[in-house]
Amino acid sequence: MAHINEHYRKLSAGYLFPEIARRSQAFLKSHPDRKLLKLGIGNTTEPITPSVIEGLHRGVEKLASPATYTGYGDEQGQEELRKALCDFYAARGVKLAIDEFFISDGAKPDSGNIQSIFGLDNIVAVQDPAYPVYVDSNVISGRTGAYDKASGRYEGIYYMPCNSENGFFPEVPDAKVDLIYLCSPNNPTGAVATREQLAAFIDYAIKNKAIIIYDASYAEYISEAALPKSIFEIEGAKKCAIEINSLSKFSGFTGVRLGWSIVPKELTVEGSEAGELNSLWNRRQCTFFNGASNIVQEGALAVFSPKGIEESNKLVAYYMENARIIREGLQSLGLTVFGGDNAPYLWLQTPGGMSSWDFFDKLIEETNVVGTPGSGFGPAGEGYFRLSAFGHRDDIIRAVESIKSNLKL
Ligand SMILES: *Cc1c(COP(=O)(O)O)cnc(C)c1O
């Protein structure tokens, strides 16, 4: 008799985005003359830049001739691309070896899969609120107990609340945990960890033989020079951290798909030798993954050319100008808003202590703007609201104007 993986039944219903869609549809049905202005999605909208498009074309052309055709490549990714990544990090003062990089099809798959190289009895710690895959992948693997609807938490997970008191970056755990997921710049809060904050986590991890899984998907959105773009900029991180990143938000590769994980050889856990975790991740990828698309890797190589980097930086600047427009619009109304300085997300404190979902209804009703209720990312997100800077400029301006003219405060 076959059985399903019972842990899937523990997952709290994927409630957030379906519920946003349901309420949006209901609103349009009762107000057929209105048009929604969307500041809700975390998806890129602007076209891929010319030199990267050229790279992608090159990738396609190579497949058309027997002299340049390639089939399966290295599971870890093309050596040339890993070398380009090495150089990209080296330019920031981070020295890594080529075989510490593993090219993949994105940061979300890597974030979900990485837990598989760790034992089931590891205690997982997550930021609250958080991007959902860190928790859900551990629920599915059986590292948690049941979901408790009242608290919005899974039994067995250590939640690290992120709120205005701690600048939306958590203190180190006051209990012993083993796998610590950190996302900086953060989705959904837009907060960025300082060097000191990361140093405290690295210190905790080394003392407790814990591992930090560091999602740096928005690293290129950091403009303040003092803020670290990679956890490996901080002393000791190679002993205790894995970094995950992708071209989704830097170069508009959300639909194209290319990411990477860095598993340093120095990394060790209880009872393992240096290099073993690197080998385990290699084994995992070779077993389950046949490498990223050769066309896409050609496009990624173009991203890491001087021209490609310059163009991608412009793409980021475009979204960050959107973020500025949203932030200044909200602040002009006297609203309290966090993030949006070094991340494409703004984290709005709902006015008058409204619940996240009540504010969703008020905002759509009065201004036709759709955002994302903070409570959907975890219980500590209650009373907050995420606005995304991903969008065409005209749409962003229209949404902000509508909030400024129509929101009743
Ligand atoms: C968008 C996003 C990613 C990117 O995932 P890809 O699979 O590379 O598209 C990863 N982590 C966070 C927190 C994100 O918001």
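This is a predicted model, so every value here is computed, not measured.

K.L.:
With reference to specific residues and values, describe the state of the cysteines.
P.N.:
Covalent bonding between the sulfur atoms of two cysteines is what defines a disulfide. As enumerated under the stated definition, the model contains zero disulfides in all. With no disulfide of its own, Cys86 lies 18 Å from the sulfur of Cys286, the closest cysteine sulfur. Looking at the unpaired Cys240, the closest cysteine sulfur is the one in Cys183, lying at 17 Å. Exposure remark for Cys240: the relative accessible area of 1% places this residue in the buried category.

K.L.:
Tell me what's going on with the domain arrangement of the chain, and back it up with residues and numbers.
P.N.:
Domain parsing of the chain yields domain 1 (6-47 + 308-406) and domain 2 (52-305). Between the C-alpha centres of domain 1 and domain 2 there is a distance of 25 Å. Tallying the contact residues gives 34 residues for domain 1 and 45 residues for domain 2. Counting each side, the surface lost to burial between domain 1 and domain 2 is near 3100 Å², with a carbon and sulfur contribution of 61%. Where domain 1 packs against domain 2, one counts zero salt bridges. For the side of domain 1 that touches domain 2, the elements supplying multiple residues, two or more each, are helix H10 (306-332), strand S11 (337-339), strand S12 (345-349) and strand S15 (384-388). Ranked by residues supplied to the side of domain 1 that touches domain 2, first place goes to H10 with nine residues. When its residues are assigned to classes, the side of domain 1 that touches domain 2 shows 17 nonpolar, 13 polar and four charged.

K.L.:
Got a sec to walk through the nonpolar core? Specific residues and values, please.
P.N.:
Nonpolar side chains in soluble globular proteins tend to end up buried together. Membership of the largest hydrophobic core comes to 92 residues, with the highest contact counts inside it found for Ile180, Ile212, Leu258 and Trp260. Of the residues that make up this core, three or more belong to each of domain 1 (6-47 + 308-406) and domain 2 (52-305). Core analysis: the second largest hydrophobic core is formed by 26 residues, Val133, Val139, Leu179 and Cys183 among them.

K.L.:
Mind laying out the site of the ligand, listing which residues take part and the relevant values?
P.N.:
In the vicinity of the ligand, 15 residues are found, and the nearest of them are Asp215, Tyr218, Ser248, Lys249 and Arg257. A distance of 2.7 Å is found between an oxygen atom of the ligand and a backbone nitrogen or oxygen belonging to Ala107. One nitrogen or oxygen atom from the main chain of Lys108 is found 2.9 Å from an oxygen atom belonging to the ligand. Within the complex, the protein chains bury 94% of what would otherwise be the 380 Å² of accessible surface of the ligand. Of all elements in the fold, only helix H4 (107-113) and helix H7 (248-251) reach the threshold of two or more residues within the shell around the ligand. Counting residues per element, the shell around the ligand draws most heavily on H4, at three residues. A class-by-class count of the residues in the shell around the ligand yields six nonpolar, five polar and four charged.

K.L.:
Describe in detail the UniProt feature "modified residue: N6-(pyridoxal phosphate)lysine" (unreviewed entry) in the chain, supporting the description with residues and values.
P.N.:
Taking the UniProt record as the reference, the feature "modified residue: N6-(pyridoxal phosphate)lysine" (unreviewed entry) is found at Lys249. With respect to the helices and strands, the residue Lys249 is situated in helix H7. Look past the residues within four positions of Lys249 in its chain and what remains in contact with it is Gly42, Thr44, Ser217, Tyr218, Tyr221, Thr254, Val316 and Phe390. Polar side-chain contacts of Lys249 include one of 2.9 Å to the side chain of Tyr218.

K.L.:
Describe the packing of aromatic side chains, and please don't skip the residues or the numbers.
P.N.:
Scanning the model with the defined rule gives 21 aromatic pairs in all. Residues Phe168 and Tyr384 carry aromatic rings whose centres are separated by 5.5 Å and whose planes lie at 90° to one another, so their mutual orientation is edge-to-face. Of this pair, Phe168 sits in the loop between strand S6 (157-161) and strand S7 (179-183) while Tyr384 sits in strand S15, and the two are 216 residues apart along the sequence. Each member of the pair, Phe168 as well as Tyr384, is classed as buried. Geometrically, the ring pair formed by Phe359 and Phe385 is edge-to-face, given 5.0 Å between the ring centres and 80° between the ring planes. Remark: Phe385 occurs in strand S15 and Phe359 occurs in helix H11 (residues 356-367); sequence separation between them is 26 residues.

K.L.:
Quick rundown of the sheet that holds S12? Include the residues and the values.
P.N.:
If you trace the four strands from one edge of the open sheet to the other, you get S11-S12-S15-S14, paired in antiparallel fashion. Bordering the open sheet on either side are S11 and strand S14 (372-373), each of which pairs with just one other strand. Relative to S12, S11 runs antiparallel, the two sharing three bridges. Looking across to S12, one finds that Val337 is bridged to Leu348.

K.L.:
Talk me through the packing of helix H2 (residues 50-62) against helix H9 (residues 294-303); I want residue IDs and the actual numbers.
P.N.:
One can describe the packing of H2 onto H9 by two numbers: an axis separation of 7 Å at closest approach and a directional angle of 145°. In terms of crossing hand, the pair formed by H2 and H9 is right-handed. Two secondary-structure elements touch here, H2 through Ser51, Val52, Gly55, Leu56, Arg58, Gly59, Val60 and Lys62 and H9 through Ile295, Val296, Glu298, Gly299, Ala302 and Val303. Residues of the contact of H2 with H9, tallied by class, amount to seven nonpolar, four polar and three charged.

K.L.:
With reference to specific residues and values, describe the side chain of Glu298.
P.N.:
Positionally, Glu298 belongs in helix H9. Of the residues examined, Glu298 reaches a relative accessible area of 9% and is grouped as buried. If we skip the residues at most four places from it in the chain, Glu298 touches Gly55, Arg58, Gly59, Lys62 and Gln78.

What counts, and where the lines are drawn
- Residues numbered from 1 in each chain as written.
- Predicted model: local features only at pLDDT ≥ 70, side-chain atom pairs only at ≥ 80, totals over all residues.
- Heavy atoms only, no water.
- Disulfide = S-S within 2.5 Å.
- Buried < 20%, exposed > 50% of the residue type's maximum accessible area, 1.4 Å probe, protein only.
- Domains from an automatic or database assignment.
- Contact = heavy atoms within 4.5 Å.
- Buried area = accessible area lost by both parts, 1.4 Å probe.
- Salt bridge = Lys/Arg side-chain N within 4 Å of Asp/Glu carboxyl O.
- Helix = DSSP H or I, 4+ residues; strand = E, 2+ residues; numbered from the N terminus.
- Nonpolar A, V, L, I, M, F, W, Y, C, P; charged D, E, K, R; others polar.
- Core = buried A, V, L, I, M, F, W, Y, C linked by side-chain atoms within 4.5 Å.
- Near = heavy atom within 4 Å.
- Polar contact = N/O pair within 3.5 Å; in protein donor to acceptor, adjacent residues only side chain to side chain.
- Areas by Shrake-Rupley, 256 points an atom, 1.4 Å probe, with all protein chains shown as cover.
- UniProt positions renumbered as here; feature names shortened; annotations may be inferred.
- Phe/Tyr/Trp six-rings, centres within 6.5 Å; stacked < 30°, edge-to-face > 60°.
- Pairing = 2+ DSSP bridges.
- Axes fitted to C-alpha atoms, helices over the stretch in contact; angles between N-to-C directions.
- Left-handed = near helix turned anticlockwise from the far one by under 90°.

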